[in-house]
Structures are given as structure tokens and as C-alpha cells.
Amino acid sequence: MNPYDAIVLAGGGARRLGGADKPGVRVGGRALLDRVLHACAGARATVVVADPRDTARPVVWAREEPPGGGPLAALEAGVRGLETQDGTQDGPAAESVLVLSADLPFLGEPTVRRLLTALEDEDGDGDVDAALLTDGDGRDQPLVAAYRYAALRRVLGELAAEHGGLTGLPLRLLTRNLRLTRITDPVASFDCDTWDDIAAARSRIREHGRVLDEWITAAKNELGIDLDVDTGVLLDLARDAAHGVARPAAPLTTFLVGYAAAQAGGGPEAVASAAAKAAELANRWAQEAETKPDAG
């Protein structure tokens, strides 16, 4: 996958949420904006179009003038932010620009990769300007999409010239004259426009098969940890410690494994090594409890 930049639009009025700070609303313990920033963490540069706030990772801030001027004005501010970041008026170094709204609780890196790959695959023939996500009903989502930077910059310039500016223009004009390819993902395209949507998202992340991944990601984000480990290994270790030693041994053992891995320099290999040693010890304890000594 080639390098890419990202623009995240996070400055809307959230009228259907009663004017609440939608990017800051938490789902699974993480702000919606931080969840989106995690999905595009591989971006070379990320511009968030909104008033500055604390975020889980560093970003460049931009704002449309006047604030609240609509998605196209905000998108143009994001493009300018990328150009300022690069110190050039000829555009950013990355040829692809990921454009996202800040209210996508289930957007993940795999979907980002699919969008960028779709754009790059089609771009080999030069006949596609953007790869859009579509929702479960087949509707295009222009704010969950990967664009060729040159095409995005060109269409914004054309619309500004045609209408005397971009303020207040509807989003549908953005893709009207672009050559598109599409991928479908009804989960990643789910956005939070109402409090019912927020409630549905909060309920969904607690579903069986999803809750552990959500919790681990939230905990790593909160603790500032960037580490991929085999969750199954640690769960097996916790089970062995609980059964072979005592139930309270499970959380204590996993803590000690983490500490030992950190002492050994950290990383997935250090975690796996420490977990294997602790699991072997727990199994020895269990075997001793099952073995009856000779009466002699």
C-alpha cells in the first residue's frame, strides 16, 4: 500500500444530537474522533478540520472560514492544511488522500486498507479518481473514501469557481464528475447521527466475539501502548493459573508476565516468552495437586 494522507472532518454542528460535542462522545471508552484516528494511524500526515482538542495521537488542525461552512468548505480547509504541512502549494507528497468523517465507531484499519488498495488497483489504468465506501443499502459515503489528491484538488477548485465559493454547498456535488469505484461494508459505514445511533454502537461493541478486542484496544490507547500480542495465549495463561493455582492468580500472573516482558525489553516475543514460562509453571502446580505421594 502506497503512502497516504488523511483528512478527518470533525467540526459539524451535530444538530441531531442537540448540539453535543459529537467527536468527543465516547463509544467503548474512546472518543469517536480517537476511534477514527486509530483507523487511519498509518497516514503520513493527518489533518483534522475542527477546533483543536486533546487527541490520542498528534494531528494537524485546520478550520474552514467561516466555521460551520459545510463539508466541502471543511474539506478544502483540510487540503490547505496538508499543503501547509508540506510547505508547498503543489500538494502533499502522498498521491492518495483518505477522507473521513469523525463519527464512525466501527471503522478499522482493514477497511482503510481496502479503500486505498481499491484506488491503487484501479489507478493503474488512470481511470478512477476515488474509491468510496457504500453502506448496507448501497448508498455512497463520500466521507468514507480514498481520493486521488490531484482529482480532489481539481474538483474543489472547479466547484469553488462555479459557485463563487464552497460554503453551504451540498456534499453530493463532490463526486458528481469523478470516476468512482466502490466497496461495501455495512459495519464500517455505520455512523452516529443520533443518540439512538450512539446507544446502538455502545451496545454492539459489547457483543460476544467483539468485546475483548474492543476492550484491549481501548486499554492500549488509554495506557499509551502500541503492542500487538496473542490474546489467546494470555487468556490460556489466565485460565491455567486460575485452575491450577487459585482464581486470584489469573490477573496477578498476567500482570507479572507483562512486567517481565517489559523488563526483557518489551515486544510480542518477550510477552510470548514470559507467558510460556508462566504457563509451564502453572501446569506444574496443577500436576502436583493431582499427584498423590507414595504412602511409602
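Structure report, in brief. Bear in mind the structure is a predicted one, so any value in this text is a computation, not a measurement.

## Quick word on helix 6 (residues 211-223)
Then, in step 1: Over its 13 residues, helix 6 extends 18 Å from the first C-alpha to the last, a length consistent with the 18 Å expected when each residue adds 1.5 Å.
Then, in step 2: Where helix 6 terminates, the next one or two residues include G224, which has phi positive at roughly 70 degrees.

## Points about the packing of helix 7 (residues 231-244) against helix 8 (residues 249-263)
Then, in step 1: Relative to each other, helix 7 and helix 8 sit at 135 degrees, their axes nearing to 8 Å. Between helix 7 and helix 8, the angle falls in the class oblique. For the pair helix 7 and helix 8, the sense of crossing is right-handed. The residues of helix 8 that touch helix 7, namely those facing L234, L237, A238, A241 and A242, are A249, A250, T253, T254 and V257.
Then, in step 2: A per-class count over the contact of helix 7 with helix 8 returns eight nonpolar, two polar and no charged.

## Some details on the packing of aromatic side chains
Then, in step 1: Applying the stated criterion across every chain yields a total of two aromatic pairs.
Then, in step 2: Seen in terms of ring centroids, F106 and F190 are 5.9 Å apart; in terms of plane orientation they differ by 50 degrees. Their pairing is tilted. You can see F106 sitting in the loop between strand 6 (96-101) and helix 3 (109-123) and its partner F190 sitting in the loop between strand 9 (180-184) and helix 5 (195-204), a full 84 residues away along the chain.
Then, in step 3: Its relative accessible area of 7% is what places F106 among the buried residues.
Then, in step 4: A cation sits over an aromatic face here: R204 above F106, 5.6 Å from the ring centre.

## Examining the state of the cysteines
Joining two cysteines, a disulfide is a covalent bond between their sulfur atoms.
Then, in step 1: Going through the model one piece at a time under the given rule, you end up with zero disulfides.
Then, in step 2: C40 forms no disulfide, and the closest cysteine sulfur to it belongs to C192, at a distance of 17 Å.
Then, in step 3: Residue classification places C40 among the buried residues on the basis of a relative accessible area of 0%.

## Here's the deal with the sheet that holds strand 6
Then, in step 1: In spatial order, the strands read 5-4-1-6-8-7-9; together these seven strands make up an open sheet with mixed pairing. Because the sheet does not close on itself, it has two edges, and the strands there are strand 5 (60-62) and strand 9. The average angle at which neighbouring strand axes cross in this sheet is 25 degrees, direction not considered.
Then, in step 2: The pairing of strand 6 with strand 8 (residues 140-148) spans five bridges and is classified as antiparallel. Bridge pairing in strand 8 links V99 to A145.
Then, in step 3: Running at roughly 120 degrees to strand 8, helix 4 (residues 149-163) makes contact with strand 6 and strand 8 of the sheet.

## Thoughts on the pairing of strand 9
Then, in step 1: Along strand 9, the buried face is formed by T181 and I183; none of L180, R182 and T184, which line the opposite face, is buried.
Then, in step 2: Of the strand pairs in this sheet, strand 7 (residues 130-134) and strand 9 are connected by five bridges, and their pairing is parallel. What sits directly across from A130, in strand 9, is L180.

## Comments concerning a nonpolar patch on the surface
Then, in step 1: A cluster of nonpolar side chains, contributed by V211, L212 and L235, occupies part of the molecular surface with about 240 Å² of accessible area.
Then, in step 2: Tracing the backbone shows L212 in helix 6.
Then, in step 3: On the accessibility criterion, L212 (43% relative accessible area) is partly exposed.

## Quick word on the nonpolar core
Then, in step 1: Membership of the largest hydrophobic core comes to 31 residues, with the highest contact counts inside it found for I7, L72, Y147, L152, L156 and L174.
Then, in step 2: Those elements that place two or more of their residues in this core are strand 1 (4-9), strand 4 (46-49), helix 2 (71-86), strand 6, strand 7, strand 8 and helix 4.
Then, in step 3: Listed in part, the 30 residues of the second largest apolar core include A6, L33, V36 and A146.

Definitions and limits used
Chains are numbered independently. Their residues run from 1 in the order of the written sequence. In view of the model being predicted, local features appear only for residues whose pLDDT reaches at least 70, and side-chain atom pairs are presented and counted only at 80 or more, with totals across whole chains, interfaces and linings using the full set of residues. For side-chain calculations, the full set of non-hydrogen atoms in the structure is used, while hydrogens and water are omitted. Helix and strand definitions here come from DSSP, where helices need a minimum of 4 consecutive H or I residues and strands a minimum of 2 consecutive E residues; each element is numbered from the N-terminal end. In this scheme, a helix's expected span is set at 1.5 Å multiplied by one less than its residue total. Fitting a line to C-alpha atoms yields each axis, with helices limited to the stretch in contact; the angle taken between N-to-C directions then spans 0 to 180 degrees. Orientation is classified from the angle alone, with under 35 degrees giving roughly parallel, over 145 giving roughly antiparallel, 65 to 115 giving roughly perpendicular, and any other angle giving oblique. Handedness of each helix crossing follows the sense of rotation of the near helix against the far helix: counterclockwise by less than a right angle gives left-handed, clockwise gives right-handed. Whether two residues are in contact is decided by their heavy atoms, any of which lying within 4.5 Å being enough. Any residue that is not Ala, Val, Leu, Ile, Met, Phe, Trp, Tyr, Cys, Pro, Asp, Glu, Lys or Arg is counted as polar, Gly included; the first ten are nonpolar and the last four charged. Two rings from Phe, Tyr or Trp (for Trp, the six-membered ring) form a pair when their centres are within 6.5 Å of each other. A pair whose planes differ by under 30 degrees is stacked, one over 60 is edge-to-face, and the rest are tilted. Whether a residue is buried, partly exposed or exposed follows from its accessible area with a 1.4 Å probe, protein chains only, as a fraction of its type maximum: under 20%, in between, or over 50%, in that order. A ring is scored as having a charge over it whenever the NZ atom of a lysine or the CZ atom of an arginine sits within 6 Å of its centre and within 35 degrees of its normal. Note on disulfides: each one is a pair of cysteine sulfur atoms within 2.5 Å. Only strands that DSSP links by at least two bridges are regarded as paired with each other. Patch membership requires over 30% relative accessible area and the absence of a salt bridge. Like charges are linked within 9 Å, and nonpolar side chains (Val, Leu, Ile, Met, Phe, Trp, Tyr) within 5 Å. Computed with a 1.4 Å probe, the accessible areas rest on the Shrake-Rupley method; for each residue, only the protein chains presented here act as cover. We count a salt bridge whenever a side-chain nitrogen from Lys or Arg sits within 4 Å of a carboxyl oxygen from Asp or Glu. The nonpolar core is taken to be a set of buried Ala, Val, Leu, Ile, Met, Phe, Trp, Tyr and Cys residues, with the residues joined through side-chain atoms within 4.5 Å.

Purely geometric stuff here, so don't read any function into it on its own.
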